Amino acid sequence: MKNTLLSARAVLMKDLRTEWRTREFLGHTFMFALLVIVIFNFAFKINPQNAPGFASGILWISFLFAGTLGLGRSFLVEKENDCIQGLALSPVDRTAIFLAKFAGNLIFLLIIQVIVVPAFIVLYNVNVMENFFMQCLVFLLGDVGFMTLGTLIAAMSVNLKAREILLPVLLLPLLTPLLIFAASATASLVGGDDPSAYLGRIRLLAAFDVIFFVVSLLVFEYIMDEL
Amino acid sequence: MYKGRIECSGVGKKYGDFTALKNVDLLIEAGDFLVLFGPNGAGKTTLLKILCGMTRPTSGVAKVGGADSHSPEIRGKIGVISHKSYLYDSLTAFENLEFYGQMYGLENPRARAGELLETVELAQRKDDMVRSFSRGMTQRLSIARALVADPDFIFLDEPFTGLDHHSAVAFQALLSALHKRGKTVLMITHDIPLGVAASTRVAILKNGRKVFDEKTDGLGGDKFMKTYLEVAGK
Ligand SMILES: Nc1ncnc2c1ncn2[C@@H]1O[C@H](COP(=O)(O)OP(=O)(O)OP(=O)(O)O)[C@@H](O)[C@H]1O
Ligand SMILES: [Mg+2]
């Protein structure tokens, strides 16, 4: 267990280091997420009255787009010079690779959110973080589920020719229930609803996370086998 | 010594309907240096991939060091040099070796990285990105990468590609030193004189079958060349 965590940390540090050296990607994704928010502003004729109703949907769509871009990249860096083979040949525990990739993807999405959410608040003048602690929890639970499943599917599709298309096509249907609960919990929090309206969804999100995580860990081993 | 042995029995590999390897039996004793020859597409790389656990045979068994070649416990004991470098372009030479050292669970990956950079004469370029390396330098670093965990088995697929004369000679010396230290080596090459000189055994694959397998003793380079042309020829 300790070895697994040490190896996971080594893979994560390696990824963070290479990502920092090619940091344009983070910048581009951030611009992309921001653009999504701005376009919705015009598409929906948003004004101060109707903005709170749209907030959750717009935010989660921009997280989804940005997060999917990040996922596509996470295993692509391992394809250069076939490094993924080099990793697979090493005795490192497969779980460590999954944990590292998952953590890297989660950090990537969190960075995007830390910038996009304040930008949203300023642009639309809606304080989506009114209930700060609960909203953070919803974001985090949504992110964890999204990135667990996303990391698994990204690994599965990395060797396919049409991976850019297949990643979202495979991921979205599986992710839909989680996204619905996350978006509606965020909407409840923005609308200032009674806790009973969102606590149940938060519990469901947590349950999804646990299931996704366990299943992904189990399946990942087999995926690495055939890379 | 059973530990350092490689055993293939009835190994076959099919890609769809295409048979890349058929019923290959091969026994490499501990400390052997087997050089595998054969025309393009003969199945040499496929056999090597099976032996390092990169792909599974569709029939037969391949055992390395007494364990199934696909089992996790044997992975740390095999070093592979293939056509691909397995190196990260946006890491430096040192960082690449350090990272692989960590993946192989070394106690002190940094010290090992430094040591290996000396061995492959890249110490001066240790802090340069692999992206900026020439083909031959990348190949040398790839050799260091394969040796990071001081493996018992060394598998090489045309390792001389891209090396200049000096590096090729140095690498030959390194290989022979490793062999003397008791490593079991399997090398694929198209260079017959070089391969025969390095080997203790030679084998030829053709159309996925093993068609020749003998000890090198008394098998001079010229004589083997004739045999090769007879056995593998057009
Ligand atoms: N992944 C694959 N899918 C389908 N066919 C493959 C695959 N890998 C190899 N082959 C086929 O198997 C045969 C043997 O390939 P292999 O790479 O083992 O040859 P080789 O002896 O290493 O040749 P070379 O000297 O050119 O390197 C070839 O006909 C090749 O086309
Ligand atoms: Mg080959």
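Residues numbered from 1 in each chain as written. Chains lettered and ligands numbered in written order. Predicted model: local features only at pLDDT ≥ 70, side-chain atom pairs only at ≥ 80, totals over all residues. Heavy atoms only, no water.

K.L.:
Tell me about the overall build of chain A, and please be specific about residues and values.
P.N.:
When helices and strands are counted, chain A shows eight helices and zero strands. Listed N to C, the secondary structure of chain A is α-α-α-α-α-α-α-α in terms of helices and strands. Here the C-alpha atoms of chain A give a radius of gyration of 18 Å, agreeing with the 17 Å that 2.2 N^0.38 yields for 227 residues. Within the span of chain A, comprising 227 residues, buried residues form 48% of the whole. (Helix = DSSP H or I, 4+ residues; strand = E, 2+ residues; numbered from the N terminus. Rg over C-alpha atoms; globule rule 2.2 N^0.38 Å. Buried < 20%, exposed > 50% of the residue type's maximum accessible area, 1.4 Å probe, protein only.)

K.L.:
Can you lay out the interface of chain A and chain B for me, pointing to particular residues and giving the numbers?
P.N.:
On the side of chain B, 23 residues touch chain A, which itself brings 24 residues to the contact. Taken together, the connections running from chain A to chain B amount to three salt bridges. The salt bridge involving A:Arg17 is made with B:Glu95; its shortest N-O contact spans 3.6 Å. No other element matches the seven residues that helix α1 (residues 2-21) of chain A contributes to the side of chain A that touches chain B. For the side of chain A that touches chain B, the residue count by class is nine nonpolar, six polar and nine charged. (Contact = heavy atoms within 4.5 Å. Salt bridge = Lys/Arg side-chain N within 4 Å of Asp/Glu carboxyl O. Nonpolar A, V, L, I, M, F, W, Y, C, P; charged D, E, K, R; others polar.)

K.L.:
Lay out unusual backbone geometry in plain terms, naming residues and giving numbers.
P.N.:
Residue and element names in this part refer to chain A. We note that aspartate 82 has phi near 60 degrees; this positive angle belongs to a residue other than glycine. Structurally, the position occupied by aspartate 82 is in the loop between α3 (51-79) and α4 (83-89). The buried category is assigned to aspartate 82, whose relative accessible area is 16%.

K.L.:
Outline the pattern of salt bridges, listing residues and values.
P.N.:
Within this structure, the stated rule accounts for 19 salt bridges over all chains. Across the pair A:Lys14 and A:Asp15 runs a salt bridge, and its minimum N-O distance is 2.7 Å. A:Lys14 gets classed as buried once you look at its relative accessible area, which sits at 5%. By relative accessible area, which is 12% here, A:Asp15 ends up buried. Ionic pairing is found between B:Glu29 and B:Arg5, a salt bridge with its closest N-O pair at 3.4 Å. In this pair, B:Glu29 sits in the loop between β2 (18-28) and β3 (33-37) while B:Arg5 sits in the segment before β1 (6-15), placing the two residues 24 residues apart along the sequence. Residue B:Glu29 is classed as partly exposed on the basis of its relative accessible area of 32%.

K.L.:
A description of the domain arrangement of chain B should follow, citing residues and the corresponding values.
P.N.:
All names here are of chain B. Taken as a whole, chain B is organised into domain 1 (1-77 + 152-160 + 182-234) and domain 2 (84-150). Taking only C-alpha atoms, the centre of domain 1 and the centre of domain 2 are 26 Å apart. Each partner contributes to the interface: domain 1 provides eight residues, whereas domain 2 provides six residues. Summing both sides of the interface, domain 1 and domain 2 together bury roughly 440 Å²; the carbon and sulfur share of this comes to 45%. (Domains from an automatic or database assignment. Buried area = accessible area lost by both parts, 1.4 Å probe.)

K.L.:
Break down the sheet that holds strand β9 (residues 201-206) of chain B for me, citing the residues and quoting the values.
P.N.:
All names here are of chain B. One open sheet holds the six strands; their spatial order is β6-β7-β8-β3-β9-β10, and the pairing between them is mixed. Whereas interior strands pair on both sides, the edge strands pair on one side only; in this sheet they are β6 (78-81) and β10 (209-215). Ignoring which end each strand starts from, the neighbouring axes of this sheet average 15 degrees apart. In terms of strand pairing, β9 meets β10 through six bridges, oriented antiparallel. (Pairing = 2+ DSSP bridges. Axes fitted to C-alpha atoms, helices over the stretch in contact; angles between N-to-C directions.)

K.L.:
Requested: an account of the site of ligand 1, with residues and values cited.
P.N.:
All names here are of chain B. Residues in contact with ligand 1 amount to 13 residues; listed here are only the nearest, Gly41, Gly43, Lys44, Thr45 and Thr46. Considered on its own, ligand 1 offers 640 Å² of accessible surface; in the complex 62% of this is hidden by protein. Among the secondary structure elements, those contributing two or more residues to the shell around ligand 1 are β2 and α1 (44-51). Sorting elements by how many residues they give to the shell around ligand 1 places α1 first, with three residues. Tallied by class, residues from the shell around ligand 1 come to five nonpolar, six polar and two charged. (Near = heavy atom within 4 Å. Areas by Shrake-Rupley, 256 points an atom, 1.4 Å probe, with all protein chains shown as cover.)

K.L.:
Give a detailed account of the environment of A:Leu149, specifying residues and quantitative values.
P.N.:
All names here are of chain A. Considering the arrangement of structural elements, one finds leucine 149 in helix α6 (residues 132-157). On the basis of relative accessible area, leucine 149 is assigned to the buried category, the value being 8%. Linking leucine 149 and glycine 53, residues 96 residues apart in sequence, is a C-alpha distance of 28 Å.

K.L.:
Help me get a handle on the packing of helix α5 (residues 94-124) of chain A against α6(A), residues and values and all.
P.N.:
Residue and element names in this part refer to chain A. Taken N-terminus to C-terminus, the directions of α5 and α6 make an angle of 135 degrees; their axes are 9 Å apart at the nearest point. Judged on the interaxial angle alone, α6 and α5 are oblique. The handedness of the crossing between α5 and α6 is right-handed. Of α6, the residues touching α5 (which contributes Phe98, Lys101, Phe102, Asn105, Leu106, Leu109, Leu110, Gln113 and Val117) are Phe139, Leu140, Asp143, Val144, Phe146, Met147, Thr148, Thr151 and Leu152. (Parallel < 35°, antiparallel > 145°, perpendicular 65-115°, else oblique. Left-handed = near helix turned anticlockwise from the far one by under 90°.)

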